[in-house]
Amino acid sequence: MFKIIKRENLVPNIHLIKIHAPKIAEKCKPGQFVIIMPDEKGERIPLSIADWDKEEGTITSVFLVVGTSTFKLSRLNAGDSIPSFVGPLGRASEIDNFGTVVCVGGCYGIGAIYPIVKALKEKGNEVITLIDVRSKYLLYWEEKLKKASDEFIVSSRDGSYGFNGYAPEALKDLIQKEKIDRVIVVGCTYLMYKCSETTKPYKIKTTVSLNPIMVDGTGMCGACRVKIGEETKFACVDGPEFDGHSVDWEELFARRKFYFDDEILSLCEWEKRLI
Amino acid sequence: MKEKELYREEFEKEWRKELRKSIPVKERMKIPRQKMPEREPEERIKYFKEVNLGLTEDQAVEEAKRCLDCANPQCIKGCPVRIDIPTFIKLIEKGKFVEAAKKIKETNSLPAICGRVCPQEIQCEKECTMKKATGVPIAIGNLERFVADYERETGKVDIPEIAPSTGKKVAIIGSGPAGLTVAGELIKKGHQVTIFEALHKPGGVLVYGIPEFRLPKHILNAEIDYLRRMGVEIITDFVVGMTATIEDLKEEGYEAFFIGTGAGLPNFMRIEGENLVGVYSANEYLTRVNLMKAYEFPEYDTPVYKGKRVAVIGGGNVAMDAVRTAKRLGAERAMIIYRRSKAEMPARVEEIKHAEEEGIEFHFLTNPIRYIGDKNNRLIAMECIKMELGEPDASGRRRPIPIKGSEFKMEVDMVVVAIGQSPNPLIPKTTPQIKVGKWGNIEVDWETMQTSMEGVYAGGDIVRGGATVILAMGDGRRAAQSIDRYLKDKR
Ligand SMILES: Cc1cc2nc3c(=O)[nH]c(=O)nc-3n(C[C@H](O)[C@H](O)[C@H](O)COP(=O)(O)OP(=O)(O)OC[C@H]3O[C@@H](n4cnc5c(N)ncnc54)[C@H](O)[C@@H]3O)c2cc1C
Ligand SMILES: Cc1cc2nc3c(=O)[nH]c(=O)nc-3n(C[C@H](O)[C@H](O)[C@H](O)COP(=O)(O)OP(=O)(O)OC[C@H]3O[C@@H](n4cnc5c(N)ncnc54)[C@H](O)[C@@H]3O)c2cc1C
Ligand code: SF4
Ligand code: SF4
Ligand code: FES
């Protein structure tokens with residue numbers, strides 16, 4: 001069993017969870033993820049590692065409530081335990097001195113991009129953090145990210161804060177303004193897709209942290225397979241980061257929807273039990 | 001040689017002599033092989049309950065009487081772990097079921113499992129003298145299962161004697177049959193044993209691969225519980241190579257290692273459309289159903305697609321398990337697509353028979369060449385080609401050759417690819433000192449099971465590629481002996 005140290009509602013529908021797992025905290029690197037099971041009958045779901053503390057022996061993730069598992073997680077509290085928590089999984093982000101890097105984060109990726117921003121800055125990069133939110137009230141970790149970056153930009157789709165529009169448009173403005181050497185995107189699939197589309201004509205290497213459906217997270221099942229160029233890769237061991245210009249997005253979108261009907265059924269059943 | 005003398009001693013015991021004399025050989029040969037009761041096909045395809053129900057006590061004794069108690073028993077030679085088969089069978093004939101179980105456990109720590117999943121027909125039962133004499137071997141596997149179940153169900157499982165602590169720590173990586181065997185052997189010798197398992201439940205293929213209807217999980221759990229009672233520590237959710245490397249564990253004081261990480265990497269055919277929604281690897285499909293209990297969705301959260309026209313590609317045990325699972329999950333047509341003919345199928349004979357009874361369709365000499373999706377990337381059909389058999393290949397089986405122009409389409413909404421697994425690459429990748437072979441298998445000295453790294457041993461599917469439970473256990477026994485020697489010499 002793994003102990004929950006903290007569970008906090010950051011903004012509507014997005015929560016933070018901090019778990020005691022000293023072994024994982026000892027080992028993890030930016031860009032890696034964990035697999036978590038909310039209870040004995042739960043599903044194994046992957047969550048990116050958004051922060052960790054070696055001394056405290058804790059791992060922090062940020063998650064968006066979308067279905068049964070994330071809903072269950074959102075109802076847990078400090079002191080509760082979960083039956084399964086495994087990691088760190090996946091390959092770490094490539095951290096090098098690239099020059100000027102734009103780190104784009106949206107949704108849970110606002111949290112998950114944080115370790116990458118920090119590590120890139122430590123390596124001597126000029127780090128521009130670009131955060132996508134639907135509206136200002138959905139922004140979290142602003143101070144934390146600001147402190148870790150050289151430049152911090154928020155783009156809000158309703159114009160309530162910072163750039164008025166969708167983050168890929170803000171990204172395009174940045175590219176036209178200055179020389180960008182690399183782009184890294186973490187967040188929902190559509191954001192990653194759109195950012196990759198944006199940078200493609202400019203041939204700026206763009207890394208995306210893919211989030212296909214997973215089961216074991218150790219390369220055993222192949223649920224997470226994604227087509228990268230001509231090759232099929234397992235996102236849990238070969239990724240989760242891949243070159244955004246080579247991803248077969250159409251396939252990824254389709255594969256993520258595999259269990260759509262079941263997920264709705266599961267959520268309804270679970271909610272019925274709560275009443 | 002020692003083995004033979006020991007057997008001789010058992011064989012010459014008074015009670016054995018008397019028992020042999022009590023029924024003439026001719027009479028023994030007339031007794032028909034006892035048929036194990038099983039659930040009716042129409043019933044069993046509705047749920048996941050075990051198909052075989054086990055011999056009754058009377059049946060077991062009757063079957064035991066068939067065994068001729070040969071002076072030179074060939075059956076033992078067919079068993080990879082050399083169980084003293086005649087002795088345990090004669091104990092059954094005497095009604096000493098618990099003693100029979102103890103006898104088996106001298107060499108096989110998981111008899112309830114082997115009795116259920118061993119391909120007996122190509123091992124012990126193949127060599128049985130009665131097979132040569134009458135064509136019908138003694139039901140050794142069924143008897144093994146019977147005594148193991150009897151022992152467990154009557155609560156007569158005693159913890160064996162444990163040697164005084166040696167203070168040496170051994171790390172076992174992977175909790176499949178290979179790892180469990182090593183753990184059981186080494187704990188008896190007084191070492192401190194920890195199993196590290198990547199998944200949240202121990203058992204390896206026994207828990208995530210082989211379905212409930214063939215190996216009920218409570219049987220596996222009883223075995224694991226037994227190991228725990230002996231003092232084995234099992235740490236789940238721990239991926240060696242990621243959570244900690246072998247080097248890290250060394251620093252924590254582990255002095256010897258056993259790698260039993262299995263053949264977990266699913267193979268695909270690399271044909272068009274293999275990533276369509278609706279195409280599964282057997283590992284994913286079976287893991288969802290067995291480990292995650294998707295057959296009880298939505299009581300359990302993990303979903304699995306319930307295909308109506310399901311094609312399973314392959315002809316081994318894995319393919320049989322997948323297709324019979326699909327049938328139980330409501331498939332109207334559950335089909336095996338196999339590129340050779342029935343004679344070459346590697347699956348256990350019993351599995352094929354059960355599948356046939358359950359209405360599984362077999363399409364032999366057929367191979368998929370492409371999967372076809374709709375506009376939403378959902379599988380709707382597959383294109384196959386007919387095959388014919390040519391010259392035997394390296395494995396001795398006749399090589400299938402596509403027949404030009406024989407392509408045809410089949411409507412399917414789900415495909416399970418069950419064409420084999422490769423050794424799990426994680427440990428070799430994170431521990432480059434360990435030498436691997438061409439197929440990614442860890443190389444060992446077959447006598448000691450030692451890898452190219454001192455103090456590190458390996459066995460089971462990670463060295464053999466996809467093999468069998470009993471071979472994994474045999475490797476585990478040999479490795480345990482070497483590890484024990486290594487630790488004692490080191491002192
Ligand atoms: C490497 C990786 C890192 C991720 N990091 C985060 C993160 O830091 N924060 C976060 O909120 N989300 C993250 N995700 C996505 C997260 O795993 C899914 O949102 C979650 O599994 C949804 O589960 P659910 O039961 O709540 O929803 P469901 O109702 O089951 O599913 C909703 C949607 O989530 C996706 N999904 C469902 N099951 C899985 C699964 N087992 N694996 C992956 N996706 C699934 C599907 O696209 C589905 O349509 C990550 C995914 C991957 C692969
Ligand atoms: C569906 C199916 C049906 C089968 N049917 C039969 C049958 O009827 N009869 C028969 O004899 N054989 C059968 N087999 C084959 C048999 O199950 C295997 O040969 C046997 O399980 C191999 O045992 P093992 O201990 O080597 O590895 P496995 O059973 O594969 O166990 C390996 C374990 O190691 C864990 N692991 C892997 N990497 C790591 C890591 N880095 N850190 C920690 N843990 C790790 C895995 O999670 C797994 O639990 C079947 C196999 C399958 C898949
Ligand atoms: S372990 Fe397998 S091969 Fe050996 S006697 Fe038992 S059933 Fe036969
Ligand atoms: S070979 Fe057959 S008949 Fe002879 S001892 Fe073995 S099981 Fe009995
Ligand atoms: S999640 Fe199973 S192989 Fe990647």
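Numbers given to residues run from 1 along each chain, matching the order in which its sequence is written. Chain A is the first chain written and ligand 1 is the first ligand written, with later ones labelled in order. Only residues with pLDDT of at least 70 get local features here, since the model is predicted, and only at 80 or more are side-chain atom pairs given and counted; chain-wide, interface and lining totals rely on the full set of residues. Heavy atoms throughout the structure, all of them, feed into the side-chain values; hydrogens and water do not.

### A look at the packing of helix α2 (residues 14–22) of chain B against helix α7 (residues 85–93) of chain B
Residue and element names in this part refer to chain B.
Logical step 1: Geometry is summarised by axes, namely lines fitted to C-alpha atoms with helices restricted to the contacting stretch, and by angles between N-to-C directions that run from 0 to 180 degrees. By the criteria applied, helices consist of DSSP H or I runs no shorter than four residues and strands consist of E runs no shorter than two, each listed in order from the N terminus. Where α2 meets α7, the axes come as close as 11 Å, and the angle between the chain directions of the two elements is 70°. What the angle tells us is that α2 and α7 run roughly perpendicular. Considering only the axes of α2 and α7, their crossing is left-handed. Mapping the contact onto sequence places W15, R16, L19 and S22 in α2 and P86, T87, K90, L91 and E93 in α7.
Logical step 2: Here the contact of α2 with α7 is built from residues that sort into four nonpolar, two polar and three charged. Our angle categories are set so that under 35 degrees counts as roughly parallel, over 145 as roughly antiparallel, 65 to 115 as roughly perpendicular, and the remainder as oblique. The crossing is said to be left-handed when, going from far helix to near helix, the turn is anticlockwise and less than a right angle, and right-handed when the turn is clockwise. The contact criterion used is simple: two residues touch if any of their non-hydrogen atoms lie within 4.5 Å. For this scheme, ten residues count as nonpolar: Ala, Val, Leu, Ile, Met, Phe, Trp, Tyr, Cys and Pro. Four count as charged, namely Asp, Glu, Lys and Arg, and the remainder, Gly too, count as polar.

### Some details on helix α17 (residues 282–291) of chain B
Logical step 1: Burial analysis of α17 of chain B places 10 of its 10 residues in the buried class, the great majority of the element.
Logical step 2: Looking one or two places after α17 of chain B, you find K293 of chain B, whose phi comes out positive at around 55°. When accessible area is computed with a 1.4 Å probe and restricted to protein chains, residues below 20% of their type maximum are described as buried, those above 50% as exposed, and intermediate ones as partly exposed.

### Remarks on the sheet that holds strand β1 (residues 2–11) of chain A
Note: strands within a sheet are paired through backbone hydrogen bonds, in either parallel or antiparallel orientation.
All names here are of chain A.
Logical step 1: Pairing between strands is defined by DSSP: at least two bridges between them are needed. With antiparallel pairing, five strands are arranged side by side in an open sheet as β5-β6-β2-β1-β7. The sheet is open, and its two edges are formed by β5 (51–53) and β7 (81–82), each paired on a single side.
Logical step 2: Relative to strand β2 (residues 14–20), β1 is paired through six bridges, and the arrangement is antiparallel. Across the sheet, the residue bridging to R7 is I17, located in β2.

### As for the domain arrangement of chain A
Residue and element names in this part refer to chain A.
Logical step 1: Residue ranges for the domains trace back to a domain assignment, done automatically or taken from a database. Under the domain assignment used here, chain A contains domain 1 (2–89) and domain 2 (100–209).
Logical step 2: One C-alpha centre belongs to domain 1, the other to domain 2, and the line joining them spans 23 Å.
Logical step 3: Listed per partner, the contact involves 16 residues of domain 1 and 15 residues of domain 2.
Logical step 4: Two parts lose some accessible area (1.4 Å probe) when they are put together, and adding that loss for both gives the buried area. Overall, the association of domain 1 and domain 2 removes approximately 1,200 Å² of surface from exposure, summing both partners, and the carbon and sulfur fraction of that is 75%.
Logical step 5: Among the residues domain 1 hides against domain 2, the three largest losses belong to V11, A50 and V62. Together they make up 32% of the total.
Logical step 6: The term salt bridge refers to a side-chain nitrogen of Lys or Arg lying within 4 Å of a carboxyl oxygen of Asp or Glu. When the shortest N-O distance is used, the salt bridge between D51 and K144 registers 2.7 Å.
Logical step 7: Polar contacts here mean pairs of N or O atoms no more than 3.5 Å apart (in protein, one a potential hydrogen donor and the other a potential acceptor; neighbouring residues in sequence count only if both atoms are side-chain atoms). Where domain 1 touches domain 2, the interface holds one residue pair in polar contact (both at pLDDT 80 or more).

### Considering the packing of aromatic side chains
All names here are of chain B.
Logical step 1: Side-chain rings of Phe, Tyr and Trp (the six-membered ring for Trp) are treated as a pair once their centres are within 6.5 Å; stacked means planes under 30 degrees apart, edge-to-face means over 60, and tilted covers the remaining angles. Taken as a whole and assessed by the stated rule, the structure comprises 23 aromatic pairs over all chains.
Logical step 2: Each ring, one from F48 and one from F213, has its centre 6.0 Å from the other, and the planes form 45°; the classification is tilted. Taken together, the positions of F48 in the loop between α4 (41–44) and α5 (57–66) and F213 in the loop between α14 (205–208) and α15 (217–230) put the pair 165 residues apart, joining distant regions of the chain.
Logical step 3: Overall, F48 belongs to the buried group, its relative accessible area being 7%.
Logical step 4: Across the ring face of Y226, the terminal group of K105 is positioned such that the distance to the ring centre comes to 4.8 Å.
Logical step 5: Note on geometry: a ring has a charge over it if NZ (lysine) or CZ (arginine) is within 6 Å of the ring centre and within 35 degrees of the ring normal. Seen from the ring of F213, R328 lies directly overhead, with NZ or CZ sitting 3.9 Å from the centre.

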